[in-house]
Amino acid sequence: MRKAKDYLAKILIYLSSFITVGVLLAIIAYIFINGIGLINWSFFTNEYNDKTYYLQFEANKLQLSDNSYKDNIPYTRNVINNDSEPLYIEELGGAIIESKKGSDIEFIISYVEKSSSMLEAKDRRGEIVGIKEGYIIRSINGENIEDKNLEEISNIVGDIQGNIELKVTNPGNGVFTNIITTLYMILLSLSIATPIGILAAIYLVEYARPGKLVSTIRFATESLAGIPSIIYGLFGMAFFVVFLKFSLSLLAGALTISIILLPVIIRSTEEALKAVPDSYREASYGLGATKLQTISKIIIPSAMPGILVAVILSIGRIIGESAALLLTAGTVSKIPENLFSSGGTLTVQAYYVAKEEANIEMACAIGIVVILLIIILNLIAKLISKIFNKANY
Amino acid sequence: MVDNNKFYIKDLNLYYDTLRALKDVNLQIKSNKVTAFIGPSGCGKSTLIRCLNRMNDLIEGVKINGLVAIDNTDIYGDIDVITLRTKVGMVFQKPNPFPMSCYDNIAYGPRCQGVKSKTDIDAIVEKSLKQAALWDEVKDRLNKSALGLSGGQQQRLCIARAIAMEPEVILMDEPTSALDPIATAKIEELIENLKKSYTIVIVTHSMQQAARISDNTAFFLSGEIIESDTTSNIFTNPINKKTEDYITGRFG
Ligand SMILES: Nc1ncnc2c1ncn2[C@@H]1O[C@H](COP(=O)(O)OP(=O)(O)O)[C@@H](O)[C@H]1O
Ligand SMILES: [Mg+2]
C-alpha cells in the first residue's frame, strides 16, 4: 500500500515536470516554426512600413569596379534560391536581380556602386533620397516593367537620354525601427533608473538608521515590485502623457519603465551592498578613510558585479515590457527623432502586428528575436556572477 | 599622568544598548611597548581595543562614558576621528585585505589622505612591505590580487597597510588566531621588531603568546580589568587570585 502511494507520487511528480518542460518547449517550438521563415538579414535592416518613391538621377555610365564579378557575384541582399543571377547595368551604376515570390516577379536592386548616381537620386521635390540595395523597381520613366525580363530592362535603361526616373519601393516587413526604438528605450530608462536606484540603495544600506522610515521604504519597494506593469502604464499615461503633456513618447515610456525598474534595481543593489563583508568597511575606516571614500573606493567596487547583474536583468525587463509601453510610448514604427517622438519597441510591435494586422508570422519572428535577446542577457548575467563570485570572497 | 603613557583610560564604561561590556576600566598604556590584553572570550578585550581608535562608533547603539586620552588628548572630544585613526592603526582577527592588488592595498590609506604622487606612493609601499617583512615575498606580484596570498601573508599585508599610514600605535585584535603556527611565529617576530617604532596593543587568548611578546599585560574578566602590570609580574607574581587561577589554567 505504501509502495503504491510512493509510486503514485512519483508518477505525479514526473508528470508535472514533464508538462512544465513540455509546454515551455511547445511554445518555443511554435514561435520558432512560425517565425523563422521571416528571419533573414533584411528583417533586421528593413523598416516595418514599405515606402514607394519616384526618384530621378542622371544616367552616366559607370563601370563595375569589382573585377571578380564573374566568380564572386556582388549582390548582397534579398537573395533567395529562386532569384536570378544579377545583371550589372552601367547606366544605373548598379545590378538588378529578378526575384520570384510565389507567382510575383520583382526586380530588386542587388548592388550599388559606391559612386553610382543612384545614391544621389532625388524625389520630385528635389530632396535627395537615394536608391539603395534591396529597393524594388516598379517602373522606369513611367514604363511598367512587370512583364519584362532583365535583358529588356537593361535595354530600356540603355535607350534613355538624360535623367532616369525610377519608381522604387523600399521594402518593409522588418523591425529596424523597433530595434532602434528598443535601444533608445534601454539607454534612456537605464540612465534614469540606474543612478537613482543605486543611490537609493546606498542610502538604505549605508546611511539610513534602521527604523520605521527604512522599513517603510523597504516595504514600499517590495510592494512596488509586485504590481503588474499595466498599472504603471495607466499611471504613466495619466501623469506623463496627459498631465505633463509629453504625449505618447520615448520620454513618457522611459520614465514609466524607470519606475518599474527602480524597485528591482534598489533591491538587487541592496543585496549586493549587504553582501560586501563588514571586514572591508572596518579595514577602510581603520585606515582613516571617510565614509564617502569607503563607499566609493571599497563598497561600490565590491558590489559592482551584483549591480551589473541587476542592470543586465533590467535590460531584459525593458525588452520584455509591453503593456506599460503600449500606453505611454505608443506603437509607431518610425525611428524616434527626439525624446517626444512616439515609438514602438520590439515587444510592442509584436503585440501590434498580432492584434491589429493578424500577422502571426511576424509576431513570432519578433518573438524569436526577443527570446534570443533575453536568453543572451541571462547568460551574460550568469557569467558575471560566476566570474566575480569566484574572484571575490 | 606619567609622560610615557600613550593612552590614558579613566573610568571607562561602555554599553551595547543595555549590556554593560566595560565596567569602570582604568588603564595606562605605555609608549613603545607591547601591551597584551588577556582574558576569557566575551570579557571585553575587543571592546576595549576598539575604543582606542573609536571603531565602536560604527556599531549601532553603543554608549560610552569615561575618558580615553591619547597623548593627553581626549579621543572622544578634542581630536577628529579620521586623525585619530591615522595615528592609531588596526589589524583585525581575520586577515581582511581589500579585493585589489597588494600595491593598491598598501596605497589605499595614503591615497585616502590625499597622497597622489606615484613616486611617493611607490616609496611608501616598498617601505611598509619591508617593515612588515613581506617585501621579498610579494615584490614580484605587487599588482596581483592580495586575495591570492596565504593567510599569514595576508595578515602581514594588513600590518603593512597599517604601517603605511605611519601611525604611532598599532592595535591588533587576535592577529594570529586564524593562522597556523609557522605564520604565527613570523607575526610574533615581526611584532618584536615593530615595537621599537610603535606602541602596540595586542589582544590574545594565548597566554604563551602574551608571555612571549608583551611587556605589559592587562587581565580582563567580564568587562573589568582585574589586574594590569608588567607581563613578568602578571605571569610570575599575580596579586589577584582570579588572575592566578586564569594564568594557571584553572578556568577560561
Ligand atoms: N556589536 C555588539 N553588539 C552587542 N554586544 C556585543 C557586540 N560586540 C560584543 N558584544 C558583547 O560584549 C561583550 C564583550 O565582547 P568582546 O569585547 O567581543 O569580548 P572578547 O573580545 O573579549 O571576546 C560580550 O558579551 C559580547 O557578547
Ligand atoms: Mg574578541
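- With an unreviewed UniProt entry as reference, chain B is termed Phosphate ABC transporter ATP-binding protein, source organism Alkalibaculum sporogenes.
- Comment text from UniProt for chain B, heading Subcellular location (unreviewed entry), reads "Cell inner membrane".
- The Function (unreviewed entry) comment attached to chain B in UniProt states, word for word, "Part of the ABC transporter complex PstSACB involved in phosphate import. Responsible for energy coupling to the transport system."

- By the naming in an unreviewed UniProt entry, chain A goes by Phosphate transport system permease protein PstA and is assigned to Alkalibaculum sporogenes.
- Annotation of chain A in UniProt includes, under Sequence similarities (unreviewed entry), the sentence "Belongs to the binding-protein-dependent transport system permease family. CysTW subfamily."
- What UniProt records for chain A under Subcellular location (unreviewed entry) is the sentence "Cell membrane".

With respect to the UniProt feature "transmembrane region" (unreviewed entry) in chain A
All names here are of chain A.
Here's step 1: The sites that UniProt annotates as "transmembrane region" (unreviewed entry) are residues 12-33, 183-205, 217-240, 246-266, 298-319 and 360-381.
Here's step 2: Note that residues 298-319 is 100% helix and 0% strand, and that its end C-alpha atoms are spaced 32 Å apart.
Here's step 3: In the segment residues 360-381, helix accounts for 100% and strand for 0%; the C-alpha atoms at its two ends are 31 Å apart.

Some details on the interface of chain A and chain B
Here's step 1: Across the contact, 20 residues belong to chain A and 25 residues belong to chain B.
Here's step 2: Roughly 1,800 Å² of surface becomes buried between chain A and chain B when both sides are summed, with 63% attributable to carbon and sulfur atoms.
Here's step 3: Contact with chain B buries surface across chain A, with A:E282, A:Y285 and A:L287 losing the most and accounting together for 34% of the total.
Here's step 4: The interface formed by chain A and chain B holds two salt bridges in total.
Here's step 5: Note that A:E282 and B:R50 form a salt bridge whose closest N and O atoms lie 2.8 Å from each other.

Regarding the packing of aromatic side chains
Residue and element names in this part refer to chain A.
Here's step 1: All told, the structure shown has eleven aromatic pairs over all chains when counted by the stated rule.
Here's step 2: The interplanar angle of 10° and the centroid separation of 5.5 Å between the aromatic rings of F235 and F239 together place this pair among those described as stacked. Here the residue F235 and the residue F239 both occupy positions in helix α6 (residues 229-243), the gap between them amounting to four residues, near one helical turn.
Here's step 3: Using a relative accessible area of 31% as the deciding quantity, one classes F239 as partly exposed.
Here's step 4: The side chain of R124 reaches across the aromatic face of Y54, ending 4.0 Å from its centre.

So, the pattern of salt bridges
Here's step 1: For the structure shown, the criterion picks out 31 salt bridges over all chains.
Here's step 2: We note a salt bridge from A:D147 to A:K148, for which the minimum N-O separation is 3.8 Å.
Here's step 3: Under the relative-accessibility criterion, A:D147 is labelled exposed at 66%.
Here's step 4: Given a relative accessible area of 23%, A:K148 falls into the partly exposed group.
Here's step 5: B:D71 is the salt-bridge partner of B:K87, the closest N and O atoms lying 3.7 Å from each other. Here the residue B:K87 occupies a position in helix α2 (residues 81-87), and B:D71 occupies one in the loop between β4 (62-70) and β5 (73-74), the gap between them amounting to 16 residues.
Here's step 6: The exposure class assigned to B:K87 is partly exposed, which follows from its relative accessible area of 21%.
Here's step 7: Salt bridges here are not isolated pairs; linked through shared partners, they connect A:R218, A:E222, A:R267, A:E270 and A:E271.

Considering the sheet that holds β5(B)
Picture the strands of a sheet paired through backbone hydrogen bonds; they go either parallel or antiparallel.
All names here are of chain B.
Here's step 1: Across the sheet, four strands lie side by side as β2-β1-β4-β5; this open sheet has antiparallel pairing. Each of the sheet's edge strands pairs with one partner strand only, and the pair in question is β2 (19-30) and β5.
Here's step 2: Where strand β1 (residues 5-16) meets β2, eight bridges bridge the pair, whose relative direction is antiparallel. The partner of I9 across the bridge, within β2, is L27.

Here's the deal with the UniProt feature "domain: ABC transmembrane type-1" (unreviewed entry) in chain A
Here's step 1: As annotated in UniProt, the feature "domain: ABC transmembrane type-1" (unreviewed entry) corresponds to residues 179-381 of chain A in the numbering used here.
Here's step 2: Secondary structure within residues 179-381 of chain A divides into 80% helix and 0% strand; the distance between the first and last C-alpha atoms comes to 21 Å.

Some points on the site of ligand 1
Residues and elements named next belong to chain B.
Here's step 1: If you check the shell around ligand 1, you find Y16, L19, A21, S41, G42, C43, G44, K45, S46, T47 and I59 and nothing else.
Here's step 2: One of the backbone N or O atoms of K45 is found 2.9 Å from an oxygen atom in ligand 1.
Here's step 3: In the model, an oxygen atom of ligand 1 is placed 2.4 Å from a nitrogen or oxygen of the T47 side chain.
Here's step 4: Alone, ligand 1 offers 550 Å² of accessible surface; in the complex the protein occludes 61% of this.
Here's step 5: Of all the secondary-structure elements, those providing two or more residues to the shell around ligand 1 are β2 and α1 (45-51).
Here's step 6: Here the shell around ligand 1 gets three residues from one element, more than from any other, and that element is α1.
Here's step 7: When grouped by side-chain class, the residues that make up the shell around ligand 1 number five nonpolar, five polar and one charged.

Definitions and limits used
Residues numbered from 1 in each chain as written. Chains lettered and ligands numbered in written order. Predicted model: local features only at pLDDT ≥ 70, side-chain atom pairs only at ≥ 80, totals over all residues. Heavy atoms only, no water. UniProt positions renumbered as here; feature names shortened; annotations may be inferred. Helix = DSSP H or I, 4+ residues; strand = E, 2+ residues; numbered from the N terminus. Contact = heavy atoms within 4.5 Å. Buried area = accessible area lost by both parts, 1.4 Å probe. Salt bridge = Lys/Arg side-chain N within 4 Å of Asp/Glu carboxyl O. Phe/Tyr/Trp six-rings, centres within 6.5 Å; stacked < 30°, edge-to-face > 60°. Buried < 20%, exposed > 50% of the residue type's maximum accessible area, 1.4 Å probe, protein only. Lys NZ or Arg CZ within 6 Å of the ring centre and 35° of its normal. Pairing = 2+ DSSP bridges. Near = heavy atom within 4 Å. Polar contact = N/O pair within 3.5 Å; in protein donor to acceptor, adjacent residues only side chain to side chain. Areas by Shrake-Rupley, 256 points an atom, 1.4 Å probe, with all protein chains shown as cover. Nonpolar A, V, L, I, M, F, W, Y, C, P; charged D, E, K, R; others polar.

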